[in-house]
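Structural overview for review
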Amino acid sequence: MSTAHDAPTSDPPFHLRCVECGGDWPGLALRSRCDCGGTLDVVHAFPDPPSRALLDARLGSKQPLDRSGVWRYRELILPVEPEFVATRREGNTGLYDAPRVATYVGLDALSLKHEGENPTGSFKDRGMTAGVTMARKLGMTRVACASTGNTSASMAAYAAAAGLEALVFIPEGKIAYGKLSQALAYGARTLQIEGDFDAAMKLVQAVCDDEGVYLLNSINPFRIEGQKAIGFEILQDLDWRAPDWIVLPGGNLGNSSALAKGLGELRALGLIDRLPRIAVVQAAGANPLYTAWRAARDLVPVRAQTIATAIQIGDPVSWRKCLRGLAETDGVVTEVDDQAIVDAKAQVDAAGIGAEPASCATVAGLKRLVAEGVIAPDAHVVGVLTGHLLKDPDVVVHYHQGTLAGLRSTFANAPVRVRGELDEVRRLLRAGRAPR
Ligand SMILES: *Cc1c(COP(=O)(O)O)cnc(C)c1O
Ligand SMILES: [Zn+2]
C-alpha cells in the first residue's frame, strides 16, 4: 500500500473484480478481462454516497455534471476528476404514460422510458460517456468497438467530442442505415467486416489487445457503470418508489446487467427499499439467454437472425453478469418472434412515441408475459425503449407498405396514391379511414 508520502495520485475508490474467479484488479488496470478470461465488474467503496435530497437538488442545478442524467449520480457511477468527463448532457429521457400501449399488452397502465432521446438516439450514450471519460483518465488516444450500430454511433460522437480517434468494426450489411450514417458522419474509421456481429466482436478484442487501443464495447466495465443510470433515473422519475417490473430487450446483455447492478447498489445504500423485478426480452432468432435461463445452465452461443438488428447477437459477452442480476432481482427472460416485434413497434409508433425494432421487443415481451400470467394486469410496469424510431427507417416504410419479407403488416398505414385534384382528395377524405 502506498503512503501519503510516496503516492503522487491517490488510488480511486473502486477496483475491478472478476465475475468468474473473484480475482481483484486495480481500478485503473488497463484490461477488459481477467487473466482467467472472465469479465470484470467495477466494485465501489462508495466513500461518499449521495442522499435522495442531494440527487433531487441537482435536478435544478445549472452545473454541466448535474445536468447530465449520468453524472448527476457520479458518486455511484465513476468518481473521477471532472476535467476528464466527456458529457453531452446524456440521459434526462422521458418517462411516458402510454395508455394505448398498455391496452395492447393487457396492462391497466404502462410507463415507457424512452432512451432513444439520448444525444445520439440510444441508451448507449449513457455507457459511452463513462467509457470515454475513463479512456481520457487512462491517457488513451484511440478507442474501438464492434457494433450492431448504436454503439458505433455513440462512440463515434463521444470520441469526436473528446478529441479521440475512433475505430469501428461493423458486420457488413447487418446494420441499419440511421446508425451507419452516424458513425461515418462523426468521423469514425469504419471497417465493414465480412461475417456477423460475433465475428466482429472477436476481431476487435484481438486488435485492442494487440495495438493498445481502448475497447469500448460493453465488455468494458465502465460502460456498464454509466448504463446503471437508466435505473437510477427511472427511480428518481418515480420519486424513489420502486415499480414492480422493469422490462427491457437483451442482446449483448450489458444493459440488463447494468440495470440489475445499479438497482442492487441503490438498495444496499438505502436509496430504495425494494428491488423491481427485471424482465429481459430476446428475439426468438437470437435467444441464447432465454434458452440458458430456462434450462438453468451456462449459455450456449447460437447463430443469430432477427429483424431487430440491435439485438442480433448470438454470443453475448455479459451473459454471466445478466444471469446473476436476474437471480438477484427475481427476474425472468422471455422471447418473441419478429412478427410480434414489428406489430408491437407499430403500436409504440402509433402512440406518438416511436422506437426502433429492438426497443419494441420490450412491448412484445410484455404482451406475452401478461398473457402468460407472469406479470399481473395491475402491476406497476416500466418498459425501456432503447433506441430512436429514425435509426431504422427501412423497417418502418417496408412494414407500412406491406413489403417486409416474410412478415405481415398487421397495423399497416400505407401511403395513399391520389391524383393531384381537389375532387379526388375530397372523395377520399369523405370515404373515411379504416380503424387501425
Ligand atoms: C444495444 C441495444 C440493445 C441491446 O442492449 P444490450 O446491452 O446489448 O443487451 C437493445 N436495443 C438497442 C436499440 C440497442 O442499441
Ligand atoms: Zn478471473
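Right, let's walk through the structure included here. (Residues numbered from 1 in each chain as written. Chains lettered and ligands numbered in written order. Predicted model: local features only at pLDDT ≥ 70, side-chain atom pairs only at ≥ 80, totals over all residues. Heavy atoms only, no water.)

A short note on the sheet that holds strand β4 (residues 95–97)
The strands that make up a sheet are held in pairs by hydrogen bonds between backbone atoms, and each pair lies either parallel or antiparallel. Rules: At least two bridges found by DSSP between two strands is the condition for calling them paired. Counting from the N terminus, the helices are the DSSP runs of H or I reaching at least four residues and the strands are the DSSP runs of E reaching at least two. To get an axis, a line is fitted to the C-alpha atoms, and for a helix only the part in contact is used. The angle between two axes follows their N-to-C directions and goes from 0 to 180 degrees.
Strand order in the open sheet formed by six strands is β4-β5-β13-β10-β11-β12, and the pairing between neighbours is mixed. At either end of the open sheet lies a strand with only one pairing partner, and these are β4 and β12 (332–336). Along the sheet, successive strands turn relative to each other by an average axial angle of 25°, direction set aside. Here three bridges tie β4 to strand β5 (residues 111–114), and the two strands are oriented antiparallel to one another. Considered in β5, the bridge of Y96 is made with L112.

Concerning helix α9 (residues 221–237)
Heads up, the rule is: Multiplying one less than the number of residues by 1.5 Å gives the expected span of a helix.
Look at α9: 26 Å from first C-alpha to last across 17 residues, which is about the 24 Å you get at 1.5 Å a residue. Once α9 ends, the next one or two residues include D239, with phi positive near 55°.

Overview of the nonpolar core
Defined as follows: Note on terminology: a nonpolar core comprises buried Ala, Val, Leu, Ile, Met, Phe, Trp, Tyr and Cys residues joined through side-chain atoms within 4.5 Å. Summary of the burial criterion: residues with accessible area below 20% of their type's maximum are buried, those above 50% are exposed, and those between are partly exposed, where the area comes from a 1.4 Å probe applied to protein chains only. Residues count as neighbours in contact if any of their non-hydrogen atoms are within 4.5 Å of one another.
Grouped together as the largest cluster of nonpolar side chains are 73 residues, with contacts concentrated most on L78 and V143. At six residues, α9 tops the list of elements feeding residues into this core. Discounting chain neighbours no more than four positions away, the residues touching V143 are A135, M155, A159, L164, E165, A166, L167, V213, Y214 and L216. Grouped together as the second largest cluster of nonpolar side chains are 42 residues, I341, A364, V370 and V395 included.

Structural notes on a nonpolar patch on the surface
The following threshold applies: For patch detection, residues must exceed 30% relative accessible area and be free of salt bridges, and they are connected within 9 Å for like charges or within 5 Å for nonpolar side chains (Val, Leu, Ile, Met, Phe, Trp, Tyr). With residues, only the protein chains shown are counted as cover, and all accessible areas are computed by Shrake-Rupley using a 1.4 Å probe. Salt bridge criterion: a side-chain nitrogen from Lys or Arg within 4 Å of a carboxyl oxygen from Asp or Glu.
Side chains of V416, V418, V425, L428 and L429 sit close together on the surface and give an oily, nonpolar patch of about 430 Å² of accessible area. Within the secondary structure layout, L429 lies in helix α16 (residues 422–430).

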